[in-house]
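Chain and residue survey
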Amino acid sequence: MGCCKVPALIQAQVEMGLVNDVEHKSLFRRDTDSPQRKASSLMEQGSLSPSFRERATKTPNNSVLQSFKIVILSNKLNLLLPFGPLAILLHYLTDNKGWIFLLSLVGITPLAERLGYATEQLACYTGSTVGGLLNATFGNVTELIISIFALKTGMIRVVQLTLLGSILSNMLLVLGCAFFCGGLVYSQKEQVFDKGNAVVNSGLLLMAVMGLLFPTVLHYTHSEVHAGSSELALSRFSSCVMLVAYAAYLFYQLKSQPSSYTALTEETSENEESSDDDEDPEISKWEAIIWLSILTAWVSLLSGYLVDAIEGASVSWKIPISFISVILLPIVGNAAEHAGAIMFAMKDKLDLSLGVAIGSSIQISMFAVPFCVVIGWMMGAQMDLNFQLFETATLFITVIVVAFFLQEGTSNYFKGLMLILCYLIVAASFFVHEDPHQDDI
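All residue numbers here refer to positions counted from 1 along the written sequence of the relevant chain. Only residues with pLDDT of 70 or above have their local features reported here, since the model is predicted, and side-chain atom pairs are shown and tallied only from 80 upward, although totals for entire chains, interfaces and linings are computed over all residues. Note that water and hydrogens are dropped before the side-chain values are worked out from all heavy atoms of the structure.

1. A look at the overall build of the protein chain
Along the protein chain, the regular secondary structure elements total 19 helices and two strands. Here's how the labels work: a residue is buried when its accessible area is under 20% of the maximum for its type, exposed when over 50%, partly exposed in between, all with a 1.4 Å probe on protein chains only. Going through the 441 residues of the protein chain one by one, you find that 47% of them count as buried. Note on definitions: a residue-residue contact is assigned when non-hydrogen atoms from the two residues lie within 4.5 Å. The contacts of the protein chain with a sequence gap of at least 6 include a subset with a gap of at least 24, amounting to 83%. In short, Shrake-Rupley with a 1.4 Å probe defines the accessible areas, and a residue's cover is counted only from the protein chains shown. Accessible area of the protein chain: about 22000 Å², with a carbon and sulfur share of 66%. Helix and strand assignments come from DSSP, with helices taken as H or I runs of at least 4 residues and strands as E runs of at least 2, each series counted from the N terminus.

What follows is the structure, given as structure tokens:
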């Protein structure tokens, strides 16, 4: 019995030694691997510097022909690109403003989508902060360019209605389609998003409504201290305040509230690891910058012909200019946001969908609108925040409806369908609405 116990004891000690040895080796291996794991974790959370991210990103080395194939020939929507030069050709060969407007509108659609693509490619080489700013800025560059061209020609109402329509389109149509498509894919559950961010965004949208509401109320109550000038002065002061508020919002979101994006990053880290190959950039950083410049210049050129043909298209088609500005133009300008928001919702990333749809609405209402007022001030144009009673009431009711849909922090296909139907009501309302200020267009 004793002889049997001794070998068993020796065997147990040997096994314990082997276990300790294995544990020691595994711990040593864990320590050697930890810097790489920490680096990848920090890079996913956006904590590393953009230069480190750039070094870690695979930079493609494309020729000019390869870059052209990737950006221009890889997307079927680019089959619409020839309509742009055709619109310019028709401008010099005929006076049919309806066809010129339609072809310009169709030609700008793929350019808006490619602008979003080039921005995403450039964002691969920057940190999450700069990437988010790039997506927000270039996502609305089409509306800004059209607005600036309209301001140059004195078409103030077109500027106001186009920006208003972009806000309504993002809040109702883009967000509604995202909720609807995401709800159909995940019909067995309710999708969730960050309710805290949604409340902050709703508050900012209500602040934007406040900025537009007071000049309108001042005008319609005839309570101005100096008739005609107090309304414009209030609009310019409110625009400066709104620009300061938007800058503070960016600082709050990107610097003071980094933890709000950490949870989303941790939840989707496994999916990101499995799809690293898909998220590698297809073009280099300088290729993305060059393509952004080319596409922006081409959008600017087509926007000039588009704005010039709006009034003629309204007459030839017998469609109100308000419907063209509020409904048709924003749908084209929001093509990139529309596709991106739906794609994120179908991947159960509703926070990203809200960032695209509501974030774009905030940028237009808190940045683009007051920015156009300031630019008009510099140009000598009397661009103000009095969007007229019908338009301001439409925006106010829309913000209230969207805020109610966001307050629970959940979404489903029914909420999306309701938002889409609300947008149809808005579109029908502007189709039968005659703008009393046609002379300003």
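Past the structure itself, the notes keep going.
2. Focus on the confidence of the model for the protein chain
Should pLDDT be low for a region, the predicted coordinates there are not to be read in detail. Residue-level pLDDT values for the protein chain average 79, and 77% of them are 70 or greater. What pLDDT conveys is the predictor's confidence in a given residue, as a value from 0 to 100. Predicted confidence for residues 1–55 stays below pLDDT 50, and this span has 27 contacts to residues more than four positions away or in other chains. When the criterion is pLDDT under 50, residues 259–278 qualifies, and its contacts beyond four places in sequence or with other chains add up to 14 contacts.

3. Some words on the side chain of Thr109
Assignment of secondary structure puts Thr109 in helix H5 (residues 97–123). Between N or O atoms, a polar contact is any pair within 3.5 Å; within protein, one atom must be a potential hydrogen donor and the other a potential acceptor, and residues adjacent in sequence are included only when both atoms are from side chains. Reaching out from Thr109, the side chain makes a polar contact with the backbone oxygen of Leu105 at a distance of 3.0 Å. Apart from residues lying up to four places away in sequence, Thr109 is in contact with Leu77, Val332 and Ala335.

4. Some points on the packing of helix H14 (residues 285–317) against helix H15 (residues 321–333)
Helices that pack against each other are described as a pair by the angle of their axes relative to one another and the distance between those axes. One way to put it is that H14 packs onto H15 with a least axis distance of 9 Å and a crossing angle of 120 degrees. The angle between H14 and H15 places the two elements in the oblique class. For the pair H14 and H15, the sense of crossing is right-handed. Contacts between H14 and H15 involve Leu306, Ile310, Glu311, Ala313, Ser314 and Trp317 from the first element and Ile321, Ile324, Leu328 and Leu329 from the second. Residues of the contact of H14 with H15, tallied by class, amount to eight nonpolar, one polar and one charged. Here, axes are lines fitted to C-alpha atoms. For helices the fit covers the stretch in contact, and angles between N-to-C directions go from 0 to 180 degrees. Orientation is classified from the angle alone, with under 35 degrees giving roughly parallel, over 145 giving roughly antiparallel, 65 to 115 giving roughly perpendicular, and any other angle giving oblique. Definitions for this section: a left-handed crossing has its near helix turned counterclockwise from the far helix by less than a right angle. A right-handed crossing has that turn clockwise. Three categories are distinguished: nonpolar for Ala, Val, Leu, Ile, Met, Phe, Trp, Tyr, Cys and Pro, charged for Asp, Glu, Lys and Arg, and polar for the others, with Gly belonging to the last.

5. Points about the packing of aromatic side chains
Whether two aromatic rings pair depends on their centres lying within 6.5 Å, for rings of Phe, Tyr and Trp, where Trp uses its six-membered ring; planes under 30 degrees apart make the pair stacked, over 60 edge-to-face, and the rest tilted. Tallied over the full model, the rule gives eight aromatic pairs. Aromatic side chains Phe101 and Trp317 sit 5.6 Å apart centroid to centroid with 75 degrees between the ring planes, which places their arrangement in the edge-to-face category. A residue pair is termed long-range when its members are at least 10 positions apart, and Phe101 in helix H5 and Trp317 in helix H14 qualify at 216 residues. What makes Trp317 partly exposed here is its relative accessible area of 31%. Seen in terms of ring centroids, Phe179 and Phe193 are 6.1 Å apart; in terms of plane orientation they differ by 15 degrees. Their pairing is stacked.

6. Description of unusual backbone geometry
Phi is positive for Lys318, close to 55 degrees, though the residue is something other than glycine. The class of Lys318 is exposed, set by a relative accessible area of 74%. One non-glycine residue, Asp348, adopts positive backbone phi at about 60 degrees. Among the structural elements, Asp348 can be located in the loop between helix H16 (335–346) and helix H17 (350–379).

7. Topic: the environment of Val399
Structurally, Val399 is set in helix H18 (residues 389–406). Taking the C-alpha atoms as reference, Val399 lies 6.7 Å from Leu205; in sequence the two are 194 residues apart. Not counting the four nearest positions on each side in its chain, Val399 is found in contact with Met171, Leu205, Leu206 and Val209.

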